[in-house]
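Spelled out, the chains give:
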Amino acid sequence: MEFLCSLLVSDPSSNPKCSGRTRPLLVIAALLAIVSCDQVASQTPGAPDPASPTEECPRIQIGCDPHSACRARGGGPDVEAVGQHQGRISFVCSVLGTPQPDISWSSDNEQQLSTRTLGSLSVLELERLRSDIHNTTFHCQGTNTCGTRKASIFLGVGGVAPSARAVTPRIVRYVGESATFRCDIDGYPSPIRHWTNVFEQRVVDDSRFVLQPDGSLQASQLTVDDNGVYFCSGENEYGRSSASVMLTVKVIPKVTVDFGTPALMACEATGTPLPFVTWYRTEDGKRVGSAVHEGQFFAVESTRKEDAGIYICNATNQGGIAIGKVELVVIGEKPTSDADPRSEVDVRYRQRVALSCGAVQGVPTPRITWTSLVDTPSFNLKDRATEIGSELIFESIQYADRGVFICTATNTLGNITVQIDMKIFDDAMSGPDPAPQHVTSGSGVELDCQASSPTNQPISYTWTWSSQRSDSHNLAGPIPYGASVTRSGKLRINSASLDHGGVFWCKAEDGVAVPLRRSTQLYIYGAPEVLLDQPETLYISSGTSTAIPCYVAGYPTPKVRWFRHDGRPVRSPHRQRGSTLHLHRFSAHDAGAYTCVASNRIRSQKRETSKTVNVLLAGEQPRFFGDSFAAYPTIPSAFISFSLLLGFRTASPERSQLLLFNTQSARGRGKRDFVALFLLGGRVHAAVDAGHGAVHLAHSARIRAGAWYTVSIMKKRRQVVLNVGSGSAVSARFAGNLYGLNLNEPMYLGGYPDLAALKDITATNIDSGLVGCMQGVSISQTALDLRGDVQASHRVSQCTAWCEDKCRNGGLCSSSQVDKAINEVRCRCRAPYHGTHCGIAVDRHRFCTLDENTCSHRQCDYSHECCRPPV
């Protein structure tokens, strides 16, 4: 009880019974008078109290320690107290009873409380006044076998100093990302919050740093300059407190590669255990989709535009997760567009039109520009149209807007262009469709092209013509001889002939509106005309094939049939295709006359015309070596018409080589008439000049080394026709009114003495004569004696047997060897033959020769080509 006295009495020296006692270290001020010191002194230690009952219910008192930051007001079991903003707050509860009651504390907000109990006294200590404990009632309860008693103390607020704490003391972000700084601040009254940087400068609201209503700081589009420490501070009348947040802004590493090249990204992750690394793509800075790769190294073999972007490296183990980022930059994609490079578009007058450059792609992003090729002098593209993205917008199309518009997409690697030809079809000229015309040969005819202009401008007329002859190939060209155009635009023929039949095309234009195009079919009734573009005698080598075309004209369209000299139709292996006779693998048995018969009916009368050609085996075959030539008499009677036929073969078809040349004059300068046949680029070409410029023809047949070909050229008035073998003939017409061909110099075969002068006359790139052989030359159906008619020659010899003549038993010549030398051959043999010229038969059972002693069926030298190892 002496110690209890020291606890209860604030000043022991004031009571003589408590003299000699000292104040305890536990600072508890004078309590409410629970028991007096006199009462304590009157009780002798260890002596029983005769007046005390055997059981007494708890008696309880509660109050503030006056040495703490707490002051009590009132008395009784329920007490009010006022706490201060500084110092410790302590409540003291005294509970007496028999037996000694158990003491416990509680509060209205059910928080965890710190208490100390010694006998009948219990102390509740609060280190400082916080916002969560002011205005709260605390309860002290004593319990024994007699019962339970409770006393309460209400803690009011005199003020609470701020207390700041950073929710996330350290924040790590990448450049361009956002961050939120959060800080908890306690205090009463509610502290005023603000944020400062390391220089104690306040962070002011701007476009990137914004203070939120809850007191947090929102930062966006972070840069490396934002690195550092930020402080959140709270201040009220009772004090000030601050907490720090460390912001680290990292730069995302970049891997820059060219388009289509490999890229390698690395993620070095450490930890125990070793982290598991996965890679993810991002979208708007956030991870999307499933993992695209696993492992520390991520490789892209061939980068594309869609591979570019930011990748997240995710490292995970039992200790947690670490995240890194890397950006892949792909450069170097030339502009592309899905639009047609050249196109046409028809639009209506005053229509809104959008010309599109298509979907343009490229890296870097291409820049799109528009230009125009409009003939109108006053046209200004910027005034008439607006560029929006890859489109050129016309709000209202005018006639002056017609023309070509060019879209160009450009980046650092190149550019592409898209051309759009815009045409206005509301202003087209109009006119009736003319009916077909039927006239008889020798009568006159006029064809009218009726057209009207929507702009009332003067109309000009242009006529072209496509012949109805079977050899014209429907190629439109100038109007035929004997036809003219009148001042009113009509086409007039005073005396129609079969040569005038065909389709006449009229084009009417006024220079503003869309031109009018009309066609009229002119049919000329007449008996068939037959033209054989062959000499009367045609020489063909044994085993070769050729085609003899039969050109016919007439209306109604003649029917063509070929007959042998015995009057019977041609038989297999020969056949007729259209009007052309095809002779295959020609032999002496096939030699003879072949007749082309053309027939039609005019007013129920049958009209028939025929032509005959003699086809014989070839004889003389001169050989030329590139610098060779042979001169013969000039082509006779070539002024109006002529036909020429020759056979040739060459070892080097890709070289430019002269086959035939005949000119008006070999001396002097200036234009002169000439005829030339030559090889160029592996094809047969012809050039004929009658005084108004040369007509050039090129046949489509590809010339093979070592094979025989028959070339025919025919001139009749203005028309020139070229054909090779059994192919389709090509034709052209002289321009102007001159078509007479004047030839005076000798005709040269296989070459020319002065190739430089030849180039000047023909305006061609012929730099060599023929490297090969020639045969069967005829002029206007008269055979030329290649040996007897020669006037001069240089380095010409007899053509010996070639590859196909030396390969026996159906062997094929290897053309790759022909270029080396005409007589150096190699054969590809057919089973069961072999050897250099396929002359050795093989016994398939013995695999050795039967006609040579090199090998035998018992002993075979496998190094010899005749032998084969058993299968």
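Since the structure is predicted, the reported quantities are computational estimates derived from the model, not experimental observations.

About the cut-offs
Residues numbered from 1 in each chain as written. Predicted model: local features only at pLDDT ≥ 70, side-chain atom pairs only at ≥ 80, totals over all residues. Heavy atoms only, no water. Buried < 20%, exposed > 50% of the residue type's maximum accessible area, 1.4 Å probe, protein only. Helix = DSSP H or I, 4+ residues; strand = E, 2+ residues; numbered from the N terminus. Arc of directions from axis to C-beta. Contact = heavy atoms within 4.5 Å. Polar contact = N/O pair within 3.5 Å; in protein donor to acceptor, adjacent residues only side chain to side chain. Core = buried A, V, L, I, M, F, W, Y, C linked by side-chain atoms within 4.5 Å. Disulfide = S-S within 2.5 Å. Pairing = 2+ DSSP bridges. Axes fitted to C-alpha atoms, helices over the stretch in contact; angles between N-to-C directions.

Asks: Can you tell me about helix 4 (residues 755-762), naming the residues and giving the values?
Replies: Looking only at helix 4, the buried set comprises Leu758, Ile761 and Thr762. Viewed end-on, helix 4 has its buried residues packed into an arc of 80°, placing them on one side of the element. Exposed and facing more than 90 degrees away from the buried side of helix 4 are Ala756 and Asp760. Residues of helix 4 that are buried in the fold lie against strand 52 (657-663), strand 53 (674-680) and strand 55 (694-698). By the N-cap criterion, in which a side-chain oxygen at the helix start approaches the backbone nitrogen of a residue two or three places on, helix 4 is capped by aspartate 754, the distance to alanine 756 being 3.3 Å. Alanine 763 lies just past helix 4 and shows a positive phi near 55°.

Asks: Describe the nonpolar core, with residues and values.
Replies: Counting 41 residues, the largest nonpolar core has Leu644, Phe648, Leu677, Ile713, Met747 and Leu749 as its most contacted members. Among the elements that take part in this core, strand 51 (residues 641-650) stands out by supplying four residues, more than any other. With residues up to four places along the chain from it excluded, the contact list for phenylalanine 648 reads Leu659, Leu679, Val684, Ile703, Ala707, Trp708, Tyr709, Val711, Leu770, Cys773 and Met774. If you look at the next biggest cluster of nonpolar residues, it comprises 21 residues, including Ala69, Phe91, Leu126 and Phe138.

Asks: Give me the state of the cysteines: which residues, what numbers.
Replies: For the structure shown, the criterion picks out eight disulfides. Two residues, cysteine 93 and cysteine 140, share a disulfide whose sulfurs are 1.9 Å apart. The sign of the S-S torsion, about -90°, decides the handedness of the disulfide formed by cysteine 93 and cysteine 140: left-handed. Here cysteine 93, found in strand 4 (residues 89-98), pairs with cysteine 140, found in strand 8 (residues 136-143); they are 47 residues apart in sequence, far enough to count as distant.

Asks: Mind laying out the sheet that holds strand 55, listing which residues take part and the relevant values?
Replies: Pairing is antiparallel in the open sheet, where seven strands are placed in the order 55-54-53-52-59-50-62. Each of the sheet's edge strands pairs with one partner strand only, and the pair in question is strand 55 and strand 62 (792-794). Averaged over all adjacent pairs, the angle separating strand axes in this sheet is 15°, with direction ignored. Looking at chain direction, strand 50 (residues 629-632) and strand 59 (residues 747-749) are connected through three bridges and run antiparallel. Residue pairing for strand 59: alanine 630 is matched across the bridge by leucine 749. Sheet strands in contact with helix 4 are strand 52, strand 53 and strand 55, and its direction is about 70° off that of strand 52.

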